Structures are given as structure tokens and as C-alpha cells.
Amino acid sequence: MKILVTGGCGYIGSHTVVDLLNDGLEVVIVDNLVNSKRDVLEKIKKITGKCVTFYEYDLCDMEKLDSIFKKESISAVIHFAGLKAVGESVSIPLKYYQNNLTGTINLLLCMQKYNVKKIIFSSSATVYGNPKTLPIKEDFPLSTTNPYGTTKLMIETILKDLYQSDNSFDIAILRYFNPIGAHKSGLLGEDPNGIPNNLMPYIVKVATGKLPVLNIFGADYKTVDGTGVRDYIHVLDLSYGHMLALKNKKTGLKIYNLGTGKGTSVLELVTMFETVNKVKINKKIVGRREGDIDACYASCSLAERELGFKCRYTLEDMCLDSYNYVKNNN
Ligand code: NAD
Ligand code: UDP
């Protein structure tokens with residue numbers, strides 16, 4: 001069985017490719033490397049001892065994308081490719097709509113043309129907006145506060161409309177909570193260039209001395225210690241969720257939260273990071289970041305019931321592995 005992984009050189013995609021290869025599946029990656037590096041392919045080979053077929057194409061280039069479907073006998077698609085920086089999406093919304101929507105529509109048109117009917121799509125907890133109650137269940141109302149989130153919600157709508165028109169499609173929409181952590185080998189992980197937007201990459205940059213201080217965005221939220229609460233999930237557990245979705249025998253259009261079901265505050269995460277890695281994180285409390293919500297964590301009971309999804313890694317693992325990756329790659 002040959003799986004097309006879009007964005008397979010990226011953070012979550014690369015971990016999933018390792019799991020697919022270790023499971024004996026063939027993998028074709030399409031990635032334009034806009035937010036990743038080619039050397040990920042070597043690292044995947046080092047970990048698995050196996051090669052993938054790689055196309056450095058943009059999903060927005062329909063002709064090139066079509067040529068992949070023509071050449072390879074694809075059985076299913078895992079669709080990670082997309083731009084994902086919330087702040088950037090506010091500054092350059094059209095780029096986000098063009099890249100994320102055009103890329104996805106091209107992909108779905110190719111799937112339709114070549115009769116490939118199974119797709120797993122990377123959505124996000126951002127589609128829940130500011131939830132009224134917690135934990136968040138899949139049937140909660142949806143809304144977004146930035147163009148990035150809107151692209152996710154629009155793609156979900158496109159997938160629902162596609163399924164409505166042709167219910168031989170088999171679609172899994174996976175709404176990720178906050179992926180952190182890295183591969184145990186220290187070869188794959190996340191280390192964005194410049195100043196990171198997300199909390200864990202920022203903590204790691206402070207730990208490695210690349211940034212002087214962690215700004216904690218608000219300590220007056222209605223949470224356990226006033227700092228924002230999120231549901232951090234190890235990227236290896238997230239990847240495992242994709243394997244389960246791929247093998248799920250129940251067909252149709254399915255939507256699953258992928259999180260741990262546990263909320264962790266900014267201060268709790270920083271303290272855990274300091275304890276397990278024996279480093280001090282210089283930090284200061286600053287004002288709230290615009291658009292942030294108090295707290296967000298998943299109800300994972302649907303994924304547990306229907307996919308058998310259960311997280312295997314703890315917050316300690318996430319902190320150790322995130323730091324280990326960056327120490328190994330600097
Ligand atoms: P990433 O940026 O590391 O990986 C995305 C990959 O897609 C990159 O390698 C990039 O080069 C590629 N890409 C982007 N646009 C492309 C295009 N037009 N054609 C071909 N390749 C293209 O991001 P990630 O963290 O691995 O996220 C994967 C997916 O999960 C994204 O769709 C993201 O929006 C979604 N998601 C991520 C998070 C998170 O916190 N990391 C949370 C929720 C959802
Ligand atoms: N956060 C912070 N400082 C940072 C980055 C993030 O205090 O430099 C906080 C943010 O306000 C939120 C939590 O950390 O409460 C997680 O933020 P992240 O951007 O990683 O995820 P998201 O807000 O998109 O869920």
C-alpha cells in the first residue's frame with residue numbers, strides 16, 4: 001500500500017512517515033520545503049533504514065501534482081501540507097488562503113480523478129474558537145479568530161461537501177491540540193527559524209541561550225495559576241493517531257480530537273521543563289497576547305472509543321524530547 005504524504009518533510013509529517021515506513025507501508029512525499037529541509041529525508045532513512053519517494057513540488061502546481069498521481073499508485077493520502085503561523089496569517093491572509101485552499105482543492109481534484117478515496121486531514125483545535133465549556137468535544141460549535149484557523153474550517157467544510165456529493169470518499173479530519181516533543185532518536189523535531197510563536201519552541205530557545213527571556217503572555221486568566229492552559233500532546237502520539245485513522249475499518253467522514261485530555265498551564269509546562277532538563281528558564285510575565293483564550297483541552301473519548309487512541313507519552317517525555325532534539329541539532 002502506497003501512501004502519499006503531503007508536507008511529509010515537516011514537523012508532524014516526518015514523524016508520521018517514520019511510523020508508516022516502520023509499519024511496512026510505501027511512502028511518497030510531496031513537499032515544497034517552504035517550512036522544512038531536505039535533510040529530513042536522510043534522517044528518516046537513518047531511523048527506519050528505508051527510503052521514500054520524494055517530490056519537491058508545490059501542491060498549488062496542479063500539473064506537477066497530477067503527474068505524481070499518474071506515476072504512483074496511491075492508495076491513501078495524509079494531508080499535512082499547509083502554512084501554519086497564526087500571526088503571519090493575519091499579515092498575509094491571501095497567501096494563506098491561496099496556499100492552504102488551492103493546495104487542498106488541487107489535491108482533492110487529483111484524488112477524484114485517480115479514484116483515490118481515502119484522506120486524513122490535519123485540522124486544529126483552533127476551529128473551536130473560544131469554547132464555552134471544557135473539555136472540548138467534536139460536536140462543539142465552530143468559529144475562528146484568524147485567517148489560518150479559517151483556512152482549516154473552510155477545508156473541513158470542503159471535505160464535508162465533497163463527502164456529501166460522493167460518499168465513497170473515506171475522510172478523517174483530525175483536530176490536533178498542541179503538539180510538542182520530538183523523535184526519541186533526536187533526529188526529528190521542531191526548531192523554527194527566528195523568534196518562535198509557540199510556547200515550547202520558545203522555551204527551548206531560552207534554554208539553549210538563543211533568546212534571553214520567555215515572555216509569559218498573561219497571568220490573569222481564569223486558570224489554576226492565571227496563565228493560559230493548553231492540551232500538549234507528544235508528536236509521537238499524534239503520529240500514532242494517524243496510523244490508527246489510516247487503519248480504521250469504519251469508513252465515512254469522521255472527525256476526531258487528538259489531544260491528551262489534560263490541561264497544562266504555561267507555568268506548569270515551564271516548571272516541568274526546568275525540572276526534567278535541570279535548566280533554569282529566565283521568564284517574565286507580560287500582557288496577554290491578542291486572540292488568546294484562557295483554556296483549551298480535548299475530550300478524547302471519541303478517538304479512544306472508535307480508534308483505540310490512547311496517549312503513551314507524558315509531559316515529562318515531551319519536555320525531555322523537545323530539548324534533546326534541539327541540543328542534538330545545534
Ligand atoms: P510544518 O510547517 O512543519 O509542515 C508542513 C509542511 O508542508 C512543511 O514541510 C512545508 O514545507 C509543507 N508545505 C506547505 N505548503 C505547501 C505546499 N503548498 N506544497 C507543498 N508543501 C507545502 O507544520 P506541522 O507542524 O508539521 O503541521 C502539519 C499540519 O498540521 C499543518 O497543516 C498544520 O496547519 C497542522 N497543525 C499543526 C499544529 C502545530 O501546532 N504544529 C497544530 C494543529 C494543526
Ligand atoms: N505563550 C506564552 N509565551 C510565548 C508563547 C506562548 O506565554 O512566547 C502562551 C500562550 O499565551 C498560550 C500558551 O503559551 O497560553 C500556548 O501558546 P501556543 O502559541 O504554543 O499555542 P496556542 O495558543 O496556539 O494554543
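What counts and how
- Residues numbered from 1 in each chain as written.
- Chains lettered and ligands numbered in written order.
- Predicted model: local features only at pLDDT ≥ 70, side-chain atom pairs only at ≥ 80, totals over all residues.
- Heavy atoms only, no water.
- Near = heavy atom within 4 Å.
- Polar contact = N/O pair within 3.5 Å; in protein donor to acceptor, adjacent residues only side chain to side chain.
- Areas by Shrake-Rupley, 256 points an atom, 1.4 Å probe, with all protein chains shown as cover.
- Helix = DSSP H or I, 4+ residues; strand = E, 2+ residues; numbered from the N terminus.
- Nonpolar A, V, L, I, M, F, W, Y, C, P; charged D, E, K, R; others polar.
- Buried < 20%, exposed > 50% of the residue type's maximum accessible area, 1.4 Å probe, protein only.
- Contact = heavy atoms within 4.5 Å.

Enquirer: What am I meant to see in the site of ligand 2 here?
Expert: Taken together, 15 residues are adjacent to ligand 2, and Leu199, Asn215, Arg230, Arg289 and Asp292 come closest. With respect to ligand 2, the side chain of Asn178 contributes an N or O atom lying 2.9 Å from an oxygen atom. Within the contact set of ligand 2, an oxygen atom lies 3.1 Å away from a side-chain nitrogen or oxygen of Asn198. If ligand 2 stood free it would expose 510 Å²; the protein chains cover 88% of that surface. Put simply, the parts of the chain that give the shell around ligand 2 at least two residues each are α7 (199–207) and β8 (214–217). Considering only residue class, the shell around ligand 2 consists of seven nonpolar, five polar and three charged.

Enquirer: Mind showing me how you'd approach the site of ligand 1 here?
Expert: Taken together, 27 residues lie around ligand 1, and Asp31, Asn35, Ser36, Phe80 and Tyr148 are the ones closest in. When the free accessible area of ligand 1 is taken as 820 Å², the share hidden by the protein chains comes to 95%. Elements that contribute at least two residues to the shell around ligand 1 include exactly α1 (11–22), β5 (118–124) and α6 (147–165). Per element, the largest residue contribution to the shell around ligand 1 is three residues, and it comes from β5.

Enquirer: Would you mind showing me how to read the side chain of His79 here?
Expert: Summarising the element assignment, His79 is placed in strand β4 (residues 76–79). Overall, the relative accessible area of 1% leaves His79 in the buried class. Here His79 is in contact with Thr6, Leu59, Thr104, Leu107, Ile119, Ile120, Phe121 and Ser122, once residues within four sequence places are set aside.

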